[in-house]
Amino acid sequence: MPDDDAKYSICVKNRELGVLGTGFPLFFEFVKYMNCMMFLLSLIYFVPMAYWTYEAFKVIRPYLTVTDSYVAAYSLGAFLKFGNSLNVNNPPMN
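What counts, and where the lines are drawn
Residues numbered from 1 in each chain as written. Predicted model: local features only at pLDDT ≥ 70, side-chain atom pairs only at ≥ 80, totals over all residues. Heavy atoms only, no water. Helix = DSSP H or I, 4+ residues; strand = E, 2+ residues; numbered from the N terminus. Buried < 20%, exposed > 50% of the residue type's maximum accessible area, 1.4 Å probe, protein only. Contact = heavy atoms within 4.5 Å. Areas by Shrake-Rupley, 256 points an atom, 1.4 Å probe, with all protein chains shown as cover.

Visitor: When you look at the overall build of the protein in this model, what are you seeing that I'm missing?
Guide: Along its length, the protein carries three helices and zero strands. Mapped from its N terminus to its C terminus, the protein presents α and β elements in the order α-α-α. Expressed as a percentage of the 94 residues in the protein, the buried residues total 16%. In the protein, 26% of the contacts between residues at least 6 apart in sequence involve partners at least 24 apart. In the form shown here, the protein has an accessible surface area of approximately 8,100 Å², with 66% of it arising from carbon and sulfur atoms.

The structure is reproduced here in structure tokens:
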């Protein structure tokens, strides 16, 4: 570990961390790769789920009362309950 005189900056290049051991640069490369993959997979998953959940909300909106929670209506449970009416599981074949 560096002493008080030799602290590293937050934006230091990975090659400069090699003096701490071979694991440090590899770990930070792994973290960078995992963050990119998490962002990509979140986009791939979030966009269709947001659309389908909104479509399910439009189906159940007329049945909501004043005491019902709009947050709960946007949940995955609402999508699963009303998803079949959206033909999500069986899309029409062209």
